[in-house]
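Reading the structure
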Amino acid sequence: PIVMEISVIIPVYNKTAYIGRCLKSIFLQDFSSFEVIAVDDGSTDASGKICDQWAEKEARLHVYHIPNGGVTAARRYGLEHSQGRYVMFADADDLLTEGALQRMYDIIQETDADEVIGPYDDQYGVRHDSGWRGWTETEPLVRDLLATRNSFCVLWGIIFKRELLDGCLDAPREIVEREDSLMQIKCLMKQPKVFFIEEPAYLHYEDMPNDRIEDLEMIRIYDAELRKTLQPQWERYRSAFVGHQIKVYEKFIDKRQFHVLDAYYRPLRKQLDKSIPFADRMALLLPPRISYFFVHYYKLIRKHHLRGN
């Protein structure tokens, strides 16, 4: 039987330095009917032990230790072992803002939305705000995610009706980057009722160290899964899908991994048309070593602009 209003699910992998403050931010919430499901995904540090220590003094925390299967599998395991009518996800190195659970709960109760989304703050004091408010169509959200802009909470810091997540946490374990965007796109393809709020519920720590490697094999699997997800509305999203591939290509180029053009991305050149922004077309059409300078300095300028430097 469902006895909790909200389940907060945290996948945990080697986050010794951060998991304690994450849990603290949740258990300081002024909302009563919630549980926390921490899934220790085969950590090799003390993360699982820290979770167990917290569980000894906090009955609302349930800790599960599983063999390493990747973050999506950990979230899925957490969902399967949770009881809440509503679900929120948090990453182990992030925080919930003060009053977040009560605020998100009140709004999803009041609106009967399938998911409630807000902006988020980062550790540099920057607010990432899409500008959307109230009821929002799903298409611009899918396009925003495909463009890797992430101007709103993607998966973490959102409150979901539990039923919306059915079938959305099934990405292959090889996908270790942008798996949260893929999960959200799977949700959005169901045409849910989405409500945007102004007040952030989440503090996201950017640029945190991790050992995840984004290689071409993962990208092939990701692209295939994303294409399959978009298939019911393929004509609507085809150019956005190509744009997504170019954005990922630019990330490889920014890391000076120039071989990816011939190894995977060269056929994309044949799919370029005026629906793709000019700058992205040029990034793909120019030789990779020349594209690098444009891509790299654009990213630097954008990062400094966002942080107000």
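Higher on the page you've got the structure.
This write-up is about the structure you can find in this document. (Residues numbered from 1 in each chain as written. Predicted model: local features only at pLDDT ≥ 70, side-chain atom pairs only at ≥ 80, totals over all residues. Heavy atoms only, no water.)

**Brief notes about the sheet that holds strand E7 (residues 120-122)**
Spatially, E5-E12-E7-E8 is the arrangement adopted by the 4 strands of the open sheet, whose pairing is mixed. The strands lining the two open edges of the sheet, one partner per strand, are strand E5 (95-96) and strand E8 (127-128). Of the strand pairs in this sheet, E7 and strand E12 (residues 202-204) are connected by 2 bridges, and their pairing is parallel. The residue of E12 that forms the bridge with Asp-121 is Leu-203. (Pairing = 2+ DSSP bridges. Helix = DSSP H or I, 4+ residues; strand = E, 2+ residues; numbered from the N terminus.)

**Considerations on the layout of surface pockets**
Its boundaries defined by the atoms lining it, the second largest pocket holds a volume of some 220 Å³. Surrounding the second largest pocket, Lys-247, Glu-250, Ala-279, Asp-280, Met-282, Ala-283, Leu-286, Ser-291, Phe-294, Val-295 and Tyr-298 form its lining. Broken down by class, the residue content of the lining of the second largest pocket amounts to 7 nonpolar, 1 polar and 3 charged. (1 Å grid on protein atoms, 1.4 Å probe; cavity = no way out; pocket = protein on both sides within 12 Å on 5 of 7 lines; lining within 4 Å. Points joined across faces, edges and corners; volume = space filled by probe spheres on them. Nonpolar A, V, L, I, M, F, W, Y, C, P; charged D, E, K, R; others polar.)

**Thoughts on the packing of aromatic side chains**
Under the criterion given, the structure shown has 18 aromatic pairs. Linked through ring pairs, Tyr-249, Phe-252, Tyr-264 and Tyr-265 together constitute an aromatic cluster. Directly above the aromatic system of Tyr-205 lies the positively charged group of Arg-21, at a separation of 3.9 Å from the ring centroid. The ring of Trp-54 has Lys-57 sitting right over it, with the charged end atom 4.6 Å from the ring centre. (Phe/Tyr/Trp six-rings, centres within 6.5 Å; stacked < 30°, edge-to-face > 60°. Lys NZ or Arg CZ within 6 Å of the ring centre and 35° of its normal.)

**Remarks on the pattern of salt bridges**
The final tally for this structure, using the stated rule, is 19 salt bridges. One salt bridge connects Asp-273 with Arg-238, and the closest N-O pair in it is separated by 3.0 Å. In this pair, Asp-273 is assigned in the loop between helix H9 (260-265) and helix H10 (278-285) and Arg-238 in helix H8 (residues 234-254), connecting sequence segments 35 residues apart. The partly exposed category is assigned to Arg-238, whose relative accessible area is 23%. For Glu-250, the salt bridge identified is with Lys-247, shortest N-O distance 3.6 Å. Here Glu-250 and its partner Lys-247 are both found in helix H8, 3 residues apart, which amounts to about one turn of the helix. If you follow the salt bridges from partner to partner, you end up with Asp-112, Asp-114, Lys-161 and Lys-193 in one network. (Salt bridge = Lys/Arg side-chain N within 4 Å of Asp/Glu carboxyl O. Buried < 20%, exposed > 50% of the residue type's maximum accessible area, 1.4 Å probe, protein only.)

**Concerning the sheet that holds strand E2 (residues 34-41)**
Adjacent strands of a sheet pair through backbone hydrogen bonds, lying either parallel or antiparallel. Strand order in the open sheet made by the 8 strands is E3-E2-E1-E4-E10-E6-E11-E9, with mixed pairing throughout. Of all the strands in the sheet, just strand E3 (61-66) and strand E9 (134-136) have a single pairing partner and so form its edges. Neighbouring strand axes in the sheet, compared pairwise and without regard to direction, differ in orientation by 25° on average. Both strand E4 (residues 86-89) and strand E10 (residues 159-161) contribute to a ladder of 3 bridges, which runs antiparallel. Paired with Val-87 across the strands is Phe-160, a residue of E10. (Axes fitted to C-alpha atoms, helices over the stretch in contact; angles between N-to-C directions.)

**Notes on the state of the cysteines**
Applying the stated criterion across every chain yields a total of 0 disulfides. Here Cys-22 stays free of any disulfide, with the sulfur of Cys-51 as its closest cysteine sulfur at 8.8 Å. Residue Cys-22 is classed as buried on the basis of its relative accessible area, which comes to 1%. The class of Cys-51 is buried, set by a relative accessible area of 0%. (Disulfide = S-S within 2.5 Å.)

**A short note on the environment of Leu-164**
Structurally, Leu-164 is set in the loop between E10 and helix H6 (179-188). Judged by relative accessible area, which is 8%, Leu-164 ranks as buried. Between the C-alpha atoms of Leu-164 and Cys-187, which are 23 residues apart in sequence, the distance is 6.4 Å. If near-sequence neighbours (up to four positions away) are discounted, Leu-164 is found in contact with Asp-114, Glu-115, Cys-187, Lys-190 and Pro-192. (Contact = heavy atoms within 4.5 Å.)

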